[in-house]
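# Remarks on the overall topology
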Amino acid sequence: SQQGEEDPQALSIQEGENATMNCSYKTSINNLQWYRQNSGRGLVHLILIRSNEREKHSGRLRVTLDTSKKSSSLLITASRAADTASYFCATGLNSGGSNYKLTFGKGTLLTVNP
Amino acid sequence: DTGVSQDPRHKITKRGQNVTFRCDPISEHNRLYWYRQTLGQGPEFLTYFQNEAQLEKSRLLSDRFSAERPKGSFSTLEIQRTEQGDSAMYLCASSLMGQGAEAFFGQGTRLTVV
């Protein structure tokens, strides 16, 4: 089963606008990671935020985490056509002992129109 | 290239045949994950290794699926008696140990069962 749920499922914006994607999850986590996937390609790691962090920045990316609401958001500022991709959140969970795995949501398809 | 590599990139097979995929993780990474992704969905967790030990297997991994990581380095995923429903992208990822470790993905093996 998939732990995270991204919202919206699809988002279409104009170049230069900001894009915000949300992720909700169900259980306690150790960290939350965001990934990008271009059509038919592998996943590229964007940013990781730990459960004791509330906000993190990387270039044009800003991620927030609210553990009380079990939600995270990814903001891409000043979007470019090259940002067109699917974006996934993945929750990192210690499932007992040394077990640890990442569980992905279904993703948000972002289209940035030139 | 020192990233995660997967071989082959594409595989077309007839229903009922066996297939085997290989994943070479980043060399110092202890953890190795296999995921399956179908069109429009996020990656679904299949199984996970810490060094050579297979620590967790998803219920998605039927008895036709087997994964190994014999020396704690590369891993293989074998599917026996393939079915059309096995058609998907099979993704491998690796990470260091530690609950905050980022996972890095390969480009995936796209399997088509005809």
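Residues numbered from 1 in each chain as written. Chains lettered and ligands numbered in written order. Predicted model: local features only at pLDDT ≥ 70, side-chain atom pairs only at ≥ 80, totals over all residues. Heavy atoms only, no water.

### Considerations on the pattern of salt bridges
All names here are of chain B. Short version of the rule: Salt bridges, as used here, are contacts in which a Lys or Arg side-chain nitrogen is within 4 Å of a carboxyl oxygen on Asp or Glu. Secondary structure counts use DSSP, requiring at least four H or I residues in a row for a helix and at least two E residues in a row for a strand, with both numbered from the N terminus. For every residue, the accessible area (1.4 Å probe, protein chains only) is compared with the maximum for its type, and the residue is labelled buried under 20%, exposed over 50%, or partly exposed between those bounds.
By the definition in use, this model includes six salt bridges over all chains. The partner of Asp-86 in a salt bridge is Arg-64, and the shortest N-O contact between them spans 2.8 Å. On the criterion of sequence distance, the pair formed by Asp-86 in the loop between β8 (75-79) and β9 (88-95) and Arg-64 in the loop between β6 (53-57) and β7 (65-68) is long-range, its members being 22 residues apart. Here Asp-86 and Arg-64 have matching classes, each one buried. Each of Arg-64, Glu-83 and Asp-86 takes part in a single network of salt bridges with overlapping partners.

### Observations regarding the nonpolar core
Just so we agree on the cut-off: Nonpolar core, defined: a set of buried Ala, Val, Leu, Ile, Met, Phe, Trp, Tyr and Cys residues in which side-chain atoms within 4.5 Å join the residues together.
Core analysis: the largest hydrophobic core is formed by 21 residues, its most contacted members being Leu-32, Trp-34, Leu-74, Ile-76, Tyr-87 and Leu-110 of chain A. Membership of the second largest hydrophobic core comes to 19 residues, among which are Val-19, Ala-67, Ile-79 and Val-113 of chain B.

### Focus: the side chain of Gln-37 of chain B
Operational definition: Within 3.5 Å is the distance limit for a polar contact, defined as a pair of N or O atoms, with the added protein rule that one can donate a hydrogen and the other accept it, and that residues adjacent in sequence qualify only through two side-chain atoms. Here a residue-residue contact requires only that any non-hydrogen atoms of the pair lie within 4.5 Å.
Here Gln-37 of chain B shows up in strand β4 (residues 31-37). At a separation of 2.9 Å, a polar atom in the side chain of Gln-37 of chain B contacts the side chain of Gln-37 of chain A. Residues within four places of Gln-37 of chain B in sequence aside, it is in contact with Gln-37 and Phe-88 of chain A together with Gly-42, Pro-43, Ala-88, Met-89 and Leu-91 of chain B.

### Section: the sheet that holds strand β1 (residues 5-7) of chain A
All names here are of chain A. Put simply, the test is: By this definition, two strands are paired if DSSP reports at least two bridges between them. Axis angles are defined between N-to-C directions and span 0 to 180 degrees, where every axis is a line fitted to C-alpha atoms and, for a helix, only to the segment in contact.
Pairing within the open sheet is antiparallel, and its five strands lie in the order β1-β3-β8-β7-β6. The open sheet has two edge strands with one neighbour each: β1 and β6 (55-58). Neighbour-to-neighbour, the strand axes of the sheet open up by a mean angle of 15°, direction not taken into account. Across three bridges, β1 lies against strand β3 (residues 19-24) in antiparallel orientation. What sits directly across from Glu-5, in β3, is Ser-24.

### Describing unusual backbone geometry
Residue Pro-8 of chain A is bonded to the preceding Asp-7 of chain A through a cis peptide linkage, with omega at 0°. Tracing the backbone shows Pro-8 of chain A in the loop between β1 and β2 (10-14). The amide bond that connects Asp-7 of chain B to the next residue, Pro-8 of chain B, takes the cis arrangement and shows omega of -5°. Its place among the elements puts Pro-8 of chain B in the loop between β1 (5-7) and β2 (10-13). With a phi angle near 50°, Lys-70 of chain A is a residue other than glycine that sits in the positive phi range. For Lys-70 of chain A, the position within the fold is in the loop between β7 (61-66) and β8 (71-76). Under the relative-accessibility criterion, Lys-70 of chain A is labelled partly exposed at 27%. Residues other than glycine seldom take positive phi values, yet Arg-81 of chain B does so here, at roughly 50°.

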